[in-house]
Amino acid sequence: MLDHLHEATAYIQSQSNSFLPQAGIILGTGLGALAKEVEVEYEINYADIPHFPLSTVESHAGRLLLGRLGGKKVAVLQGRFHYYEGYTMQQVVMPVRVLKLLGISQLLVSNAAGGLNPDFNLADLMLIDDHINLQPTNPLIGANLDELGPRFPDMFAPYDADLLARAEAAAQELGQTASTRRGVYVSVPGPMLETPAEYRYLRTIGADAVGMSTVPEVIAARHLGLPVLAVSVITDLCAPGHLKPVVLADIFAAAGQAEPRLTALIRAVVAGL
Ligand code: HPA
């Protein structure tokens, strides 16, 4: 496992003149446009990186971009891996671990999520300030990789308070406060969406939004000691009274609507790092 991580890292360094990124960014559904804002210096296909999983979801490209955003050196994962695709959790989080070995000091994550909080509107952004893990397993199960982090990582503050404050300040400067929320993200395995009773249950246990990603990567990042900022785009409304059959095209439309705001927010946070 560890040797795979080191081999993947060494390959990327060999293809990028040892580019040293300051921040890592995972582009979920709805943040694809951010890639266009990056002044790309190196572009590496996942398929060429030793031991890297390959993206199977059509809406996710499988590329690592190394370049500048807001004047800062960034590593952008264009395409992420989900447990429902059949990967192991170790595969799901491999890119996060490789970015850490490349040298990142912060991780910024985006995703699409269903809104459980009845106050949320379609295409709102939600800054994740805590999570509930309902995935059936997690990437730290098994022998601990002591070189990466401790056996029992603390999860008192999974989302970095300083990054959250920076994101809130950026939302204010950009005039986006009305559509920028804060809340708890619950991660479920998917790939089916939830039944009405399941949405009610997820709201009852304390979640504001539900999605199928992010938490495994955040667990791996916290194990590595990486501060995390994570942002959900609310792509469908799941509070009682709002519920209707989910149409994938509607999810992409809502993500597209939020994309300029999310891109501006992430760029502003990165620029200030
Ligand atoms: N449920 C789970 N995952 C999601 C949803 C949802 O309603 N919307 C976007 N991702």
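Residues numbered from 1 in each chain as written. Predicted model: local features only at pLDDT ≥ 70, side-chain atom pairs only at ≥ 80, totals over all residues. Heavy atoms only, no water.

The name given to the protein in an unreviewed UniProt entry is Purine nucleoside phosphorylase, and the organism recorded there is Hymenobacter arizonensis. In its Function (unreviewed entry) section, the UniProt record describing the protein reads: "The purine nucleoside phosphorylases catalyze the phosphorolytic breakdown of the N-glycosidic bond in the beta-(deoxy)ribonucleoside molecules, with the formation of the corresponding free purine bases and pentose-1-phosphate." Under the Sequence similarities (unreviewed entry) heading, UniProt states for the protein: "Belongs to the PNP/MTAP phosphorylase family." (UniProt positions renumbered as here; feature names shortened; annotations may be inferred.)

1. Observations regarding the overall build of the protein
A count of helical and extended segments in the protein gives seven helices and nine strands. Rg of the C-alpha trace for the protein: 17 Å, near the compact-globule value of 19 Å for 273 residues, within the 12% margin. Burial analysis of the protein (273 residues in total) assigns 52% to the buried set. Taking contacts inside the protein between residues at least 6 apart in sequence as the whole, the part at least 24 apart equals 82%. Accessible area for the protein stands at about 11300 Å²; split by element, carbon and sulfur atoms hold 53% of it. Charge centroids of the protein, computed over 18 positive and 27 negative side chains, lie 4 Å from each other. (Helix = DSSP H or I, 4+ residues; strand = E, 2+ residues; numbered from the N terminus. Rg over C-alpha atoms; globule rule 2.2 N^0.38 Å. Buried < 20%, exposed > 50% of the residue type's maximum accessible area, 1.4 Å probe, protein only. Contact = heavy atoms within 4.5 Å. Areas by Shrake-Rupley, 256 points an atom, 1.4 Å probe, with all protein chains shown as cover. Lys, Arg positive; Asp, Glu negative; His and termini not counted. Charge placed at Lys NZ, Arg CZ, Asp CG, Glu CD.)

2. Examining the pairing of strand β9 (residues 228–237)
Of all 10 residues that make up β9, nine are buried, and the element is covered over most of its length. One ladder, built from nine bridges, connects strand β5 (residues 106–115) with β9; its direction is parallel. Residue N111 lies in a different strand from β9, and its bridge partner there is S232. Where strand β6 (residues 125–133) meets β9, three bridges bridge the pair, whose relative direction is antiparallel. Looking across to β9, one finds that M126 is bridged to S232. (Pairing = 2+ DSSP bridges.)

3. Observations regarding the site of the ligand
Close contacts around the ligand come from A112, A113, G114, L193, E194, Y199, V210, G211, M212, T235, D236 and C238, and that covers them all. Contact distances for the ligand include 2.6 Å between a nitrogen atom and a side-chain N or O atom of E194. D236 places a side-chain nitrogen or oxygen 2.6 Å from a nitrogen atom of the ligand. When residues of the shell around the ligand are traced back to their parent elements, those giving at least two are β5, β8 (209–211) and β9. Examining the composition of the shell around the ligand, we find that three residues originate from one element, β5, more than from any other. Along the lines of polarity and charge, the residues of the shell around the ligand split into seven nonpolar, three polar and two charged. (Near = heavy atom within 4 Å. Polar contact = N/O pair within 3.5 Å; in protein donor to acceptor, adjacent residues only side chain to side chain. Nonpolar A, V, L, I, M, F, W, Y, C, P; charged D, E, K, R; others polar.)

4. Some words on the packing of helix α4 (residues 161–173) against helix α7 (residues 248–271)
Following both chains from N to C, one finds α4 and α7 inclined at 125°, their axes separated by 9 Å at the closest point. By the angle between their directions, the pair α4 and α7 is classed as oblique. Along this stretch, α4 crosses α7, giving a crossing that reads as right-handed. On the side of α4, the interface is formed by L163, R166, A167, A170 and A171, while α7 contributes L265, A268 and V269. Here the contact of α4 with α7 is composed, by residue class, of seven nonpolar, no polar and one charged. (Axes fitted to C-alpha atoms, helices over the stretch in contact; angles between N-to-C directions. Parallel < 35°, antiparallel > 145°, perpendicular 65-115°, else oblique. Left-handed = near helix turned anticlockwise from the far one by under 90°.)

5. Here's the deal with the side chain of D236
One can find D236 in strand β9. K244 is the oppositely charged side chain nearest to the buried, salt-bridge-free D236, at an N-O distance of 8.8 Å. Among the polar contacts listed, one links the side chain of D236 to the side chain of T235, at a separation of 3.0 Å. Those residues in contact with D236 that lie beyond four places of it in its chain are A113, G114, G115, L122, Y199, V246 and I251. (Salt bridge = Lys/Arg side-chain N within 4 Å of Asp/Glu carboxyl O.)

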